[in-house]
Each structure stands twice: as structure tokens, then as C-alpha cells.
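What follows is each chain in one-letter form.
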Amino acid sequence: MTTSPAEPRYDVAVLGAGPAGLAAAVAAASTGSRVALIDSASRPGGQFWRHRAGDDGTRQLHWDTFRALRDALERVEHLAGHTVWHAERTEQGFTLHTVNGGAASEVACRTLIVATGAYDRQLPFPGWTLPGVFTAGGAQALLKGHGVLPGQRIVVAGTGPFLLPVAAGLAEAGARVLGVFEAGTPARFTRHPVTALGKLGEAVGYLRTLRRHRVPYRMRSAVVAAHGEATVRAAGVASLDARWRIVPGSTRTLDCDAVAVGYGFTPQLEIPLQLGCATRLDVDGSLVTRVDGQQRGTVPGVYVAGEACGVGGAGLSLVEGELAGLHAGYTTTDTRLNRRHIDRLLRRRAALRSFAAAMHEAYPVRRGWLGWLAEDTVICRCEEVTASEVRRSIVDLGATDPRAVKLYVRPGMGLCQGRMCGYATSWLTAQHHGRGVRQDDLLGMSSRPIAQPVSLGALSGHADD
Amino acid sequence: MEVARTTADVLVVGAGMVGAACAYYCSAAGLRVTVLDRAAIAGGTTSACEGNILVSDKEPGAELELALLSNRLWAALGAELGAASVELHHKGGVVVAKSPEAAGGLATLTAEQRRHGIEAVDVAPDRLFELEPNLAPDITAGAHYPQDMQVQPMLATAELLRRARRHGASVHTGTTVVEFLRGSGGEITGVRTDAPDVPTISAGWVINAAGSWGGSLAELAAAPIPVLPRKGFVLVTEPLPPVIHHKVYTAEYVANVASDDAALQTSVVVESTRAGTVLIGASRERVGFDRSVSIPVLRMLARQAIGVFPFLSDVALLRSYLGFRPYCPDHLPVIGADHRAPGLVHACGHEGAGIGLAAGTGHLIAQLLTDREPDLDLAPFHPARFQEVTT
């Protein structure tokens with residue numbers, strides 16, 4: 001719509017300073033491109049390498065890789081503390097509308113690499129909105145970013161291999177972890193051929209840590225309720241059948257002061273969706289951006305790397321980031337591409353992606369979780385919409401998709417704009433209509449023209465129209 | 001899959017606010033009603049507006065009469081459906097002016113409106129700040145319109161369709177009309193759809209309530225009407241305690257609503273909702289069905305809103321949405337039986353007033369289809385008025 005008459009200041013702007021974004025920025029800069037790295041945090045590293053000032057990286061994975069990338073950032077302009085609330089296409093490329101501590105500014109670039117990562121996927125259950133109930137990622141971020149334990153007696157639950165480092169980190173930091181309750185049965189996964197890739201070693205290490213701290217690891221079980229008045233005081237833990245239905249009579253109560261729950265991840269897609277990038281449904285049921293062999297999205301000039309084009313962990317993010325950075329760099333500087341290196345990266349990407357797919361297949365979300373919900377269980381915590389209100393909008397008001405549910409009874413209209421409840425609302429709607437969650441369901445809950453809140457004063461402050 | 005042989009007295013195409021009102025009044029009048037929508041209930045322009053039920057922005061003429069009729073009907077609907085269930089709020093409107101020219105224009109308009117039965121109260125500045133304590137201090141004149149109302153449009157649509165279903169209506173979403181069926185005399189007898197469960201629907205009357213897409217539906221029936229999209233953005237803030245009590249807009253709004261200028265116009269409308277958010281509308285652009293977000297438009301809306309309520313400067317913008325108002329060149333809706341395609345009845349083209357005017361439209365259509373004398377003369381809304389334009 002709008003155009004910046006001047007030549008954009010940057011050849012490449014990278015959104016997100018986690019593994020994918022750091023690798024992308026450094027790779028793009030290595031080709032001679034003028035690179036901006038935009039991230040909302042004050043320090044680079046993203047969620048994966050979240051750290052405090054002076055952190056020596058003792059409990060961090062691949063810290064040497066992080067240090068090398070961080071040191072290479074001197075050729076990159078790092079715009080820390082900047083949040084992008086809207087991205088728009090211009091004739092020369094893109095304009096990114098950012099806010100930094102309340103001040104609005106624009107960043108113009110020729111190409112854009114989206115490496116915005118993912119956040120915890122939440123399944124609601126009775127009591128999940130009580131203070132003291134954290135996402136698994138939130139509990140870990142508190143520890144990594146602030147050195148703070150979410151509680152002293154902690155229950156960890158959900159599904160996926162991410163529960164292991166979270167529980168191990170909490171135990172190592174001195175918390176009493178009462179158990180890791182994995183809803184799935186990933187034992188089958190350990191026999192999968194691609195686990196030979198070596199990733200399994202990490203998991204074995206975490207399991208050893210958990211054993212050392214006498215933390216039980218239970219499969220086919222889940223936290224199906226959190227109890228307490230002002231804060232969580234206990235967690236209801238139940239055994240599940242293969243479809244995640246509660247085994248009758250199996251629920252027991254564990255006294256605790258914190259619960260950390262995660263059921264995989266939801267990629268952060270606001271910016272690619274604002275720009276019109278095509279999406280697909282990934283193996284884990286998440287909406288992800290479609291990319292090609294060069295990490296290009298379907299919109300010219302947009303590259304996507306890391307979890308935003310499929311959740312696959314830090315290793316895959318590094319490879320995808322480097323691929324995106326090199327290609328964006330080659331395009332904007334007309335330098336020659338090192339074919340052999342690119343081929344090596346592509347082979348590594350293929351191997352890591354097939355590992356990620358196998359992992360997702362080993363940790364599916366089963367529909368039985370819908371049975372954990374009580375009528376008054378909150379689905380959307382921003383707008384306090386309960387399961388029964390969602391059902392009423394479907395049964396009485398005729399909602400046939402989650403966007404309609406949102407329009408009638410407001411889940412997803414609050415502060416988080418459906419980031420938290422979009423997945424659960426999609427499940428509830430789809431189940432009611434006897435089908436699985438479709439791409440359109442998730443798309444209907446994912447459009448956010450304003451990706452982050454911006455004050456009306458900051459929005460109006462620019463007299464350039 | 002069960003394939004239904006569907007026959008109806010009335011087939012309503014479009015499950016937005018206007019279609020729902022048509023279905024509601026027709027089914028209440030004893031007609032067998034079927035409703036189709038290619039997407040979901042209230043998923044089109046109904047989901048992208050502010051739920052205005054206004055008399056304040058109407059200049060003397062046929063639309064004002066329809067607005068007054070609709071205003072009475074909405075009050076009755078509120079009583080029947082339960083005002084809370086559709087968030088119907090008799091909040092009243094406040095129109096404000098800063099410049100002496102705007103103030104003068106507003107005074108002229110209110111005098112005219114009073115002559116035509118609208119309660120329009122000229123308000124002195126001090127009394128204005130009693131109505132809206134947070135207004136900008138440089139506002140010099142205003143008018144109060146106690147009849148203006150607000151409704152949650154998606155809920156109202158869904159509730160009206162729920163009532164229609166109780167009266168025997170059926171609603172098929174995700175169902176697109178692909179062809180009109182015709183009888184031996186060329187009259188429209190129903191539609192063929194793309195849905196395997198309702199491949200054809202026979203009906204005595206087909207109502208075009210397709211809103212901004214009413215023009216293309218009419219085209220499909222070879223009975224074109226000039227309904228075109230006029231794009232608008234609405235900004236949504238974070239939830240706040242009740243700080244804005246009326247529907248507040250600037251006097252320039254009325255001029256813009258009636259404007260024929262294709263270029264961008266913004267004249268701000270600010271109000272709180274039951275959820276606590278503040279809605280800021282309303283830009284008007286004729287750019288076709290272009291769904292791209294325009295930052296300059298959002299910026300202008302924000303600036304104008306702050307001009308009316310300075311405190312908004314520190315309030316966070318949370319969301320924004322956009323939609324397409326269905327407008328006709330003369331800014332009047334198309335309501336009535338098509339003279340070229342017997343059996344086809346139009347109920348679309350309400351521009352930015354579709355929520356408010358839906359009640360009157362549905363009521364009049366039901367009267368028309370049950371051979372009763374309509375409460376209003378439908379001639380100004382008749383599709384034949386475009387004849388010179390379209391032939």
C-alpha cells in the first residue's frame with residue numbers, strides 16, 4: 001500500500017534472535033548484506049538460549065554455537081527490545097512497524113527473514129488458569145531468564161520431549177519435581193530408525209538427571225485438574241487410556257505449589273500471515289508457513305526459518321536459518337553461492353525434518369483430552385469464555401467453525417488474540433461437527449493485523465501521510 | 001450423506017444481519033424459510049462492523065424513514081430476544097463539532113431531523129461534558145440522539161436465526177448458490193448449490209441478502225444491481241472501565257456517509273462495547289475487495305479518535321478488522337421484487353447501516369411476501385430505480 005521512496009536501509013531484516021534468526025543474520029551478513037536483527041528481548045538467544053547477564057552457559061545446550069553466533073553479530077545491526085506489530089509490502093521490499101519502549105519506528109528492508117519461533121501449546125483443563133500453573137516453556141523461561149523457580153514442589157505434565165529438559169532444569173535448580181506426566185506413549189519412538197540420529201542422547205541425559213533427583217517419569221498420565229483458591233495447591237493426576245480418556249478411578253491428588261504443562265508448540269505466524277504467505281498443516285497439527293528449498297515463503301522476498309515453518313528444535317532451526325540467511329544474502333548482494341555448502345545444509349535439513357516428523361508422530365495430541373473439560377472450565381482466559389459457552393455457540397447459535405465461535409462468544413478476542421485458546425477452540429468446534437481440526441480452523445483464529453499491542457498515541461504519532 | 005429435497009416458500013441467500021432479519025420476520029409470518037450462506041453465519045460484513053442502530057446520521061429522505069421504523073423494531077426485538085442476549089444497548093449517540101462551520105452544519109441538520117421525527121437535542125458545551133466527561137476540551141458544540149442504539153451484530157444474527165429455526169426455518173452454511181433455477185415462464189423457482197446435501201432448493205421467492213456480494217448474486221440471476229464494496233477499518237483497544245458512554249462521532253461523519261468521493265475518508269466514530277473494548281471506526285474507501293491493511297488509514301483513525309478523546313493516546317490498540325460495506329450509487333438499499341426476474345427479491349446494499357436497517361428491511365420483506373401493505377413505501381428502494389444506469 002504505502003511506498004518508501006528511498007532505498008531501504010537494510011538488505012535483510014531478520015525477525016527473531018533465537019537459533020534460526022541468529023544463524024540467518026550471521027549467514028546473511030557473511031555475504032556482505034546490510035542486516036538488521038530485530039528482537040523483542042534485550043539479549044539475543046530467543047527462548048532456547050534465554051539467559052541472564054553474565055550467564056556462563058553451564059546449563060545451556062550448544063552454548064559454544066550461541067557464543068560464536070553472538071560474537072559474529074558485530075557485522076549485524078541488532079535492534080534489541082523492538083517489537084514488530086505490523087509488516088507491510090512496499091515497492092522496494094518491506095516496511096516493519098515496530099515499537100521500542102512505547103516509541104514507534106519503521107524499519108525498511110529489501111528482504112525479510114521470519115524466525116519468530118513458537119510458544120507453548122496449551123490444552124485447558126479444570127483449574128489451569130490458577131496462579132502457579134505455568135506453561136512448560138514459561139517455567140523454563142523464568143528459570144533461565146531470571147534464575148527464579150516457579151515453585152518448590154512442581155508437577156510437570158503434557159506431551160513431547162520438551163518436558164524432559166524443563167523437568168531436569170527445575171530439579172537441577174533445586175526444586176522438588178514430583179513427577180513428569182507424559183500423556184503419550186513415546187516408547188515406540190525410541191525404536192524408530194531416525195532416533196539413531198543421536199538426538200536420543202540428549203533425552204537419555206535428561207532422564208538420567210531426573211533419576212538422580214528421584215523424579216518419576218510416567219507415561220499415559222496427565223494433570224487433568226489443578227486445585228487451589230488463590231494459587232495452585234494440588235494437581236489432579238490421572239492415568240489415561242490410549243485415546244487420552246481418563247481411566248476411571250485413577251485420579252490422585254499431588255500437593256504442589258506449581259504445575260508446568262506443555263502439549264507441544266504453536267508457531268508464531270502473525271508476520272507471514274500479514275504478508276499473505278501460504279500455510280500448511282504440519283504433522284503435529286500446527287499451522288506453519290510453506291517454504292521451498294531456499295526457505296522462501298510464497299510471497300516474494302519473504303524467507304521463513306525455524307519453528308515458524310515447522311516445529312523441529314534448535315538444530316533444525318540453525319540449519320534453516322543459515323539457509324535462509326545465505327539465500328537472502330546471495331539475492332541481495334549478487335554474490336556467488338557455495339553450492340556444496342548449500343547441499344550439505346539441505347541434506348542436514350532433510351534428516352532433521354524427518355526426525356522432527358517422527359517425533360511429532362510419536363507425540364500426537366489425542367482427542368480424549370476434551371473429556372477432561374468441565375462445563376465451567378475456562379477456554380479463553382483473556383475473555384473468560386468457558387467450555388459450555390463455546391458449546392452453546394455451536395449448538396444454539398450455529399457456529400460451524402472456530403472463527404464463528406469467536407465472533408459469537410469472544411474466545412480469542414482478548415489480549416492474546418487467540419494465541420492461547422485458538423487451538424482448543426478449534427478442537428472443540430471440530431469435535432462437535434464430527435471432524436478433525438483443519439487448516440482453515442486454525443487460520444480463522446490466527447489472523448492478527450496488529451501483531452502486538454501498540455498505543456494509539458504511538459500509532460498516530462507519525463506525520464508521514 | 002442424506003440428500004434433502006428442499007422446498008421452501010422463501011429461500012434467503014446470505015446469513016448476515018439482513019438475511020437473518022428476513023428469515024426471522026418471514027418465518028414468524030408463517031412462511032417456510034430456508035437460509036443459505038457460502039460461509040458461516042454472520043461471517044461477512046456483519047462480523048466487521050460496529051453494530052450501529054443509528055438515526056443520528058440520517059438526513060431527511062427514505063432512509064431516515066426506514067431508520068425510524070427499524071429503530072422501533074429493534075427496541076421490540078430487544079424486548080423479545082432479551083437485550084442482554086444480543087447486547088442491545090440504548091446508549092444514545094453524541095455528535096460533536098470543533099469548528100464553527102461544523103457546529104453550524106450540525107445545528108441545521110438537527111433542526112431538519114427534528115422535523116422528521118428524530119429526537120435530536122442540541123447540547124451546550126457544559127452539558128456535553130456531563131454526557132461525555134472525557135471529551136477533548138476544544139469541542140464547542142454537540143447534539144444528543146437518545147434513540148441511537150448498539151447491538152452485538154454477530155450475536156443478533158445468530159439469535160434471530162435461532163428464532164427462525166424454531167419457526168421451522170433451516171440454515172445451510174458452507175453452501176454456495178451456483179445457478180438459479182427457472183420455470184417455463186422464465187421465473188425463478190429456486191437455486192442449485194455446490195453442497196451435496198442440498199443440491200437444489202425450490203422456493204417461491206429467493207431473497208438476495210448477500211450484502212456486499214449482492215451485486216454478483218444478482219448478476220448470476222441476470223438481474224444486475226449496482227452494489228459495490230466500500231472498505232472500512234475498525235480499531236479495537238484493550239478493555240477499559242466504562243469511559244465512553246455513548247456512540248460518539250464527529251459532525252463530519254454525516255457528510256462522509258453521503259459522500260460520492262472514491263478517495264479515502266475517515267471521520268471517527270468512538271464507542272465502548274459491553275466487553276470494555278473501545279471501537280474506533282470508520283474509514284471509507286472504494287478499492288474493491290482489497291483485504292490489505294493500510295497503516296495510513298489506521299493512523300488517521302487513531303489521530304482523529306485522540307482528537308475527540310485525548311486519553312486514548314495512552315490506550316493500547318489490540319486488534320483491527322476490516323470489512324466491505326455494500327453501497328449503491330444513491331446510498332439507498334435495494335429492497336423489493338426484481339422486475340426482470342420474477343421470484344427474485346432484493347434485500348441488500350445497506351452500506352454502513354445494515355445492522356440498523358436490517359430490522360425494517362426484514363419486516364417490510366415479510367409484509368411484501370405475505371401480501372400485506374408495507375409500513376413504508378418501498379418505491380425509493382426498488383431495484384427498477386437503476387434501470388437507466390444498468391441498461
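Below or above, wherever it landed, is the structure these notes cover. (Residues numbered from 1 in each chain as written. Chains lettered and ligands numbered in written order. Predicted model: local features only at pLDDT ≥ 70, side-chain atom pairs only at ≥ 80, totals over all residues. Heavy atoms only, no water.)

### Some remarks on the overall build of chain B
Argument step 1. Within chain B, the regular secondary structure consists of ten helices and 18 strands.
Argument step 2. For 391 residues, the compact-globule estimate of 2.2 N^0.38 gives 21 Å, and chain B sits close to it at 21 Å.
Argument step 3. Its C-alpha atoms put chain B at 65 × 40 × 40 Å along the principal axes.
Argument step 4. Counting across all 391 residues of chain B, residues that qualify as buried make up 62%. (Helix = DSSP H or I, 4+ residues; strand = E, 2+ residues; numbered from the N terminus. Rg over C-alpha atoms; globule rule 2.2 N^0.38 Å. Buried < 20%, exposed > 50% of the residue type's maximum accessible area, 1.4 Å probe, protein only.)

### Let's talk about the packing of aromatic side chains
Argument step 1. This model, assessed by the stated rule, comprises 13 aromatic pairs over all chains.
Argument step 2. Aromatic pair Tyr24(B) and Tyr25(B): ring centres 5.0 Å apart, planes at 80°, arrangement edge-to-face. Comparing Tyr24(B) with Tyr25(B), the two get one shared label, buried.
Argument step 3. Above the plane of the ring of Phe48(A) lies Lys144(A), whose end atom (NZ or CZ) is 5.5 Å from the centre.
Argument step 4. Here the basic side chain of Arg38(B) rests over the ring of Trp213(B), its NZ or CZ set 5.0 Å away from the ring centre. (Phe/Tyr/Trp six-rings, centres within 6.5 Å; stacked < 30°, edge-to-face > 60°. Lys NZ or Arg CZ within 6 Å of the ring centre and 35° of its normal.)

### Some points on unusual backbone geometry
Residues and elements named next belong to chain B.
Argument step 1. A cis amide bond links glycine 281 with the next residue in sequence, alanine 282, at an omega value of 0°.
Argument step 2. A positive phi is found at alanine 42, a non-glycine position, where the angle reads about 60°.
Argument step 3. Residue class for alanine 42 comes out buried when judged on its relative accessible area of 1%.

### What about the sheet that holds strand 9 (residues 153-159) of chain A?
Sheet strands pair via backbone hydrogen bonds, and the direction of the pair is either parallel or antiparallel.
Residue and element names in this part refer to chain A.
Argument step 1. With parallel pairing, the five strands of this open sheet are ordered in space as 8-15-9-10-11. Looking at strand neighbours, the two that pair on one side only are strand 8 (133-135) and strand 11 (217-219), the edges of this open sheet. The sheet shows a mean angle of 20° between the axes of neighbouring strands, taken without regard to direction.
Argument step 2. This element, helix 3 (residues 136-146), spans strand 8 and strand 15 (258-263) of the sheet and lies at about 90° to strand 8. (Pairing = 2+ DSSP bridges. Axes fitted to C-alpha atoms, helices over the stretch in contact; angles between N-to-C directions. Contact = heavy atoms within 4.5 Å.)

### Some points on the environment of Thr83(A)
Residue and element names in this part refer to chain A.
Argument step 1. Summarising the element assignment, threonine 83 is placed in strand 4 (residues 83-89).
Argument step 2. For the pair formed by threonine 83 and glycine 16, sequence separation is 67 residues and the distance between their alpha carbons is 9.6 Å.
Argument step 3. Once residues lying within four places of it in the same chain are set aside, the contact partners of threonine 83 are Ser40, His97, Thr98, Val99 and Gln452.

### Here we look at the sheet that holds strand 12 (residues 221-227) of chain A
Residues and elements named next belong to chain A.
Argument step 1. Taken in spatial order, the three strands line up as 12-13-14 in an open sheet, and their pairing is antiparallel. The open sheet is flanked by strand 12 and strand 14 (252-255), the only strands paired with a single partner. Going from strand to strand, the sheet's axes swing by 35° on average, the running direction of each strand aside.
Argument step 2. As paired elements, strand 12 and strand 13 (residues 234-239) share six bridges and run antiparallel to each other. Bridge pairing links serine 221 to serine 239 in strand 13.

### Here we look at the interface of chain A and chain B
Argument step 1. Listed as interface residues are 36 residues of chain A and, on the opposing side, 39 residues of chain B.
Argument step 2. Buried area between chain A and chain B, both sides added, is near 3,200 Å², and the carbon and sulfur share of it is 60%.
Argument step 3. On inspection of chain A and its partner chain B, the count reaches two salt bridges.
Argument step 4. Our count for the contact surface shared by chain A and chain B stands at twelve residue pairs in polar contact (both at pLDDT 80 or more).
Argument step 5. Its residues assigned to classes, the side of chain A that touches chain B shows 15 nonpolar, eleven polar and ten charged.
Argument step 6. The pairing of strand 22 (residues 454-455) of chain A with strand 16 (residues 316-327) of chain B spans two bridges and is antiparallel. Its bridge partner lying in strand 16 of chain B, Val454(A) is registered against Leu317(B). (Buried area = accessible area lost by both parts, 1.4 Å probe. Salt bridge = Lys/Arg side-chain N within 4 Å of Asp/Glu carboxyl O. Polar contact = N/O pair within 3.5 Å; in protein donor to acceptor, adjacent residues only side chain to side chain. Nonpolar A, V, L, I, M, F, W, Y, C, P; charged D, E, K, R; others polar.)

### Things to note about the nonpolar core
Argument step 1. With 152 residues, the main nonpolar core has Leu96(A), Leu112(A), Trp369(A), Tyr408(A), Trp74(B) and Ile207(B) as its most contacted residues.
Argument step 2. Built from parts of two domains, this core gets at least three residues from each of domain 1 (7-49 + 153-226 + 330-390) and domain 2 (93-146 + 228-327) of chain B.
Argument step 3. Residue contacts for Trp369(A): discarding those within four places in its chain leaves Leu123(A), Pro124(A), Trp244(A), Ala424(A) and Trp427(A).
Argument step 4. Val243(B), Val268(B), Val278(B) and Ile295(B) belong to the second-largest nonpolar core, a separate cluster that totals 39 residues. (Core = buried A, V, L, I, M, F, W, Y, C linked by side-chain atoms within 4.5 Å. Domains from an automatic or database assignment.)

### A look at the environment of Ser320(B)
Argument step 1. Along the chain, Ser320(B) falls in strand 16.
Argument step 2. When the C-alpha atoms of Ser320(B) and Gly281(B) are compared, they prove to be 9.8 Å apart, with 39 residues separating the residues in sequence.
Argument step 3. For Ser320(B), the residues in contact, after removing those within four places along its chain, are Pro449(A), Ile450(A), Val234(B), Leu235(B) and Leu298(B).

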